[in-house]
Amino acid sequence: MMLIVANVRDRWSAFLGAFAAVLVGVALITTTLVIYDSSRPGVQARYAGAAVLALPERAVDTDGSPEDVVPWGPAEAGRLRAALAEVPGVTRAVLDRSFYAQAMVDDRPVADEGALESGHNWDGARTAPYATVSGRAPRGMKEVVVDRALGVAPGSTLTVNITQGRRQFTVVGTVDGPGYYFSEAFAARQQPGVRAIALVTSERADTGAIVAAAAKAVGDDGRVVSGDGRAEIQPAHLEHQRFLGVQLIGAMAFLSLFTTVFVVASLLALATGMRRREIGLLRTLGAAPAQIRRMILGEAAVVGLLGSIAGCAAGVAATPLLRALLDGLDVAPPDLRIRVAAWPLLTATAIGVGVSVIGAWAASRKAARVAPVEALLDSRSDDRGMGRGRWLSGVAALAVGGLLAVGTAFSSADDRVNRAIFATTMLITASALLAPVLVGPVARGLTAPFARGVGAGAVLVRAELTANPRRAASLVAPVIAAVGFAVLLSGMVETMRVAYPASEALKVRGRTIVTPAGTPGNTDEVVAANPVGKAALPTRAFVPRKPQGPATVLDVLGSRDARWGRPGEAVLGERTAGELDLREGQEVPVRFADGETVALRVGAVLPDDPARGDFVVARDLVRAHDPAALTDDIFVPGTTTASAAVPGTALHDAAAYALADYETDARLTDALAALLIAIAVGYSVIAVVNSMAMAAHARRRDVGVLTSTGGTPRQLLLASAGETVLVVAIGTVLGVAVTVPPLLGMASGLSQAGSSQVGLHLNTGTLAAAVTGTLLAAVVSGLAVTWRTLRRRTA
């Protein structure tokens, strides 16, 4: 152990690049883990006064993942409420109802991102508890209590937009909390199904005893939660923001992890290869191969530990910056509060050490094979042919990357981007593994025009790379990663920017689209103003999957198209029918949002069509069982005049609609791509700087020989810069080459999905910036070390 620590201390400059790469990687991973841990949902403020919640059983998605709760019907909820109200220590059992409600001022909707669930029954204000500031509780069907921040005094008339459309309500009171509170009867009509029963307890009540008694009262009809378990119920808009934020930081963490492994492995392989003479001396002194291997891995572990400790500190310090970035992209839930727990730091440290050891594994095996006689040889890298293991790994990675690139053309929209990234990752790995056999031909091709030029500079540069392909491969590898990811991510953004609007515009060509403007969906008033055209009414419904098993939650669409909206029937897509094991003519019980179960006949099983929906029923059926559901965009045919007379709506033609629909996600996509490109290029710059500096330092003996034979400082500096330029050029060629197949596959898939021809689009500005930044960093580092060597010789 002392030898390992001494080696790291004495050779710190050789490990500096790996240390920096681990530091940056662990810092990014720490930041993302802290944000992920902090973004876990907290208990909503409106449940602050309810120590215990009774919840229905959870349904699962078609893949078995837990999803929505299966709502209780009015009769079930009433029976359970009565039983829970009898539990000792419970002072009030409240049926919790949430539905769409949004104030309209001057015919404009008041901005409220949580409007979809801002309407509540009056008892819901007691579970916060929100204090009554003025007025009284609502009693009639046209009375409402509002947040005092709205600035509406009791006795005033307020227009509130609900599912049915705009309605006039009399404000009878105000409270010191958000939301619109209606009478129990009105709320029950808007949302008959119940997703939670809140238990308000006395001050000195034993929560544990209440939970046990409540669980006994609920029995098999639900479950009881308390404490942090109450955070399970979250508003839909917060869940969506949390999902987008997790997607973004997950992509950051994945790219950071891959790039760290890639860069650290490259740097340690180069550093170990330049110590062959030293390792040969240790072998001469009796060191066994296992000892050499343990020494290399131990050094990597020490470097990884030191880099991880520094990275954790840097990551914690940088967490507010990532929080600010998420806020700027509107993907951070408003309840996000940064908290630094132990597990993100320990996990990031374990990853940093593990990545370093994994990165050094191949180098340690190679070092263990060094023969004692190599103590008498030059300390340069071993440049014999590649080993069988590297050949097999490179070919395997190439094959997997090629298959993934081809599969990108046939992937679904949700999987296409991920598959393209994975394909490029494998192809970058393959090119790095096979680089020793690729560098020579590419170098000869790029230097061919200069081979017959005046002077020995071009010949020297060419010979240096072709004579030492393994060292050259270590220098080229980080450039391949930087250029590859920069071209891939920017190319995907550019290709989608062209493909998606064109494809969407083609689908809705000739129609006018009525979209919400400031509201979360279209009300029945808007639908009535546009009686012709597609007006899908979405809801969540539940289908029993197996006896005694959890129900399966489905996205059901209510359609007013006579082809799909036949009463008592459902039209299924082939995938959904297969997952539910249903065939045409079978009956299936469907439980809706109001807790009622309806037996539907499978009228048809058709090929999957996103425009139609996977489970389609009559629109009137959805409206009867989900009074709170809002309608999606309305597609009015060109033969009919669309209306935007109802406030809170807007009209778009096909082109404008397609652009607006794409721009909704484009800002997040562009930001994510720019962030990931910065990570990839930044890592690679670290690796390139360190690699070039190490390579220049290792050639100090060559510099002495060339100086003795008449080489001037200017010539030697030009030769160093020329080699660096050639290394970056080779990396650029290979980096672009590995990204073309995935991008072509993605373009092909988009062409098939959108029924329009989509070509390959590259962002030349991003490519130029990545290459220029990498080149400048590499040239400066190489020249600095070479100049320092020349000055020392002169002194």
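As the structure is a prediction and not an experimental result, all values here were calculated from the model.

Asker: Is there a simple way to think about the packing of helix H7 (residues 276–284) against helix H8 (residues 289–328) in this case?
Answerer: The relative placement of two packed helices is expressed as an angle between their axes plus a distance between the axes. Between H7 and H8, the shortest axis-to-axis distance is 10 Å and the interhelical angle comes to 140°. Here H7 is positioned oblique relative to H8, judged by the angle of their axes. The two elements H7 and H8 meet at a crossing, and its hand is right-handed. For the pair formed by H7 and H8, the contact residues are Ile279, Leu282 and Arg283 on the first element and Pro289, Ile292 and Met295 on the second. Considered class by class, the residues forming the contact of H7 with H8 number five nonpolar, no polar and one charged.

Asker: Teacher, can you tell me more about H7 here?
Answerer: Because an α-helix completes one turn every 3.6 residues, residues spaced three or four positions apart along the sequence face the same direction. Here H7 has its buried residues at Arg276, Ile279, Gly280 and Arg283. Buried residues of H7, viewed axially, fall in a sector of 105°; they line one side. Gly286 sits one or two positions beyond H7 and adopts a positive phi of about 110°.

Asker: Even after reading the chapter, I still don't get the sheet that holds strand S16 (residues 511–516), so can you show me in this structure?
Answerer: Within a beta sheet, neighbouring strands are joined by backbone hydrogen bonds and run either parallel or antiparallel to one another. An order of S17-S24-S16-S25 is seen for the four strands of this open sheet, with the pairing classed as antiparallel. Two strands bound the open sheet, and with one partner strand each, they are strand S17 (534–535) and strand S25 (649–652). Two elements, S17 and strand S24 (residues 634–637), share two bridges in a ladder whose sense is antiparallel. Note that in S24 the partner of Ala535 across the bridge is Ile634.

Asker: Whenever I open this one, the side chain of Arg612 confuses me. Can you help?
Answerer: Structurally, Arg612 is set in the loop between strand S22 (597–606) and strand S23 (615–618). No salt bridge is formed by the buried Arg612, whose closest oppositely charged neighbour, Asp609, lies at an N-O distance of 4.5 Å. Within the structure, the side chain of Arg612 is placed 3.1 Å from the backbone oxygen of Pro607, a separation counted as a polar contact. In contact with Arg612, other than residues within four places in its own chain, are Leu557, Trp564, Val571, Leu572, Gly573, Leu606 and Pro607.

Asker: Is there a simple way to think about the packing of aromatic side chains in this case?
Answerer: Geometry of an aromatic ring pair is reported as the spacing of the ring centres plus the angle between the planes. Per the stated rule, a full pass over the model turns up six aromatic pairs. Plain terms: the ring middles of Phe99 and Phe182 are 5.7 Å apart, the flat faces sit at 40° to each other, and that makes the pair tilted. Taken together, the positions of Phe99 in strand S5 (residues 98–99) and Phe182 in strand S13 (residues 180–182) put the pair 83 residues apart, joining distant regions of the chain. A residue is classified by how much of its surface remains accessible, and Phe99, at 1% relative accessible area, is buried. Relative to Phe186, the ring of Phe99 lies with its centre 6.4 Å away and its plane at 65°, an arrangement referred to as edge-to-face. Here the residue Phe99 occupies a position in strand S5, and Phe186 occupies one in helix H4 (residues 184–190), the gap between them amounting to 87 residues. Per residue, the accessibility class of Phe99 equals that of Phe186, and both read buried.

Asker: How should the sheet that holds strand S1 (residues 52–55) be read in this particular structure?
Answerer: Overall, antiparallel pairing links the four strands, which are arranged S4-S14-S1-S15 in an open sheet. The open sheet has two edge strands, strand S4 (90–96) and strand S15 (223–226), and neither has a second partner. Strand-to-strand twist across the sheet, computed as the mean angle between neighbouring axes with direction ignored, equals 25°. Bridge count between S1 and S15: four bridges; the pairing is antiparallel. Residue Ala54 lies in a different strand from S15, and its bridge partner there is Val224. Helix-sheet contacts for helix H3 (residues 74–85) involve S1, S4 and strand S14 (196–201), and the interaxial angle to S4 is about 165°. Relative to the sheet, helix H5 (residues 207–218) contacts S1, S4, S14 and S15, its axis offset from that of S15 by approximately 165°.

Criteria and thresholds
Residues numbered from 1 in each chain as written. Predicted model: local features only at pLDDT ≥ 70, side-chain atom pairs only at ≥ 80, totals over all residues. Heavy atoms only, no water. Axes fitted to C-alpha atoms, helices over the stretch in contact; angles between N-to-C directions. Helix = DSSP H or I, 4+ residues; strand = E, 2+ residues; numbered from the N terminus. Parallel < 35°, antiparallel > 145°, perpendicular 65-115°, else oblique. Left-handed = near helix turned anticlockwise from the far one by under 90°. Contact = heavy atoms within 4.5 Å. Nonpolar A, V, L, I, M, F, W, Y, C, P; charged D, E, K, R; others polar. Buried < 20%, exposed > 50% of the residue type's maximum accessible area, 1.4 Å probe, protein only. Arc of directions from axis to C-beta. Pairing = 2+ DSSP bridges. Lys, Arg positive; Asp, Glu negative; His and termini not counted. Salt bridge = Lys/Arg side-chain N within 4 Å of Asp/Glu carboxyl O. Polar contact = N/O pair within 3.5 Å; in protein donor to acceptor, adjacent residues only side chain to side chain. Phe/Tyr/Trp six-rings, centres within 6.5 Å; stacked < 30°, edge-to-face > 60°.

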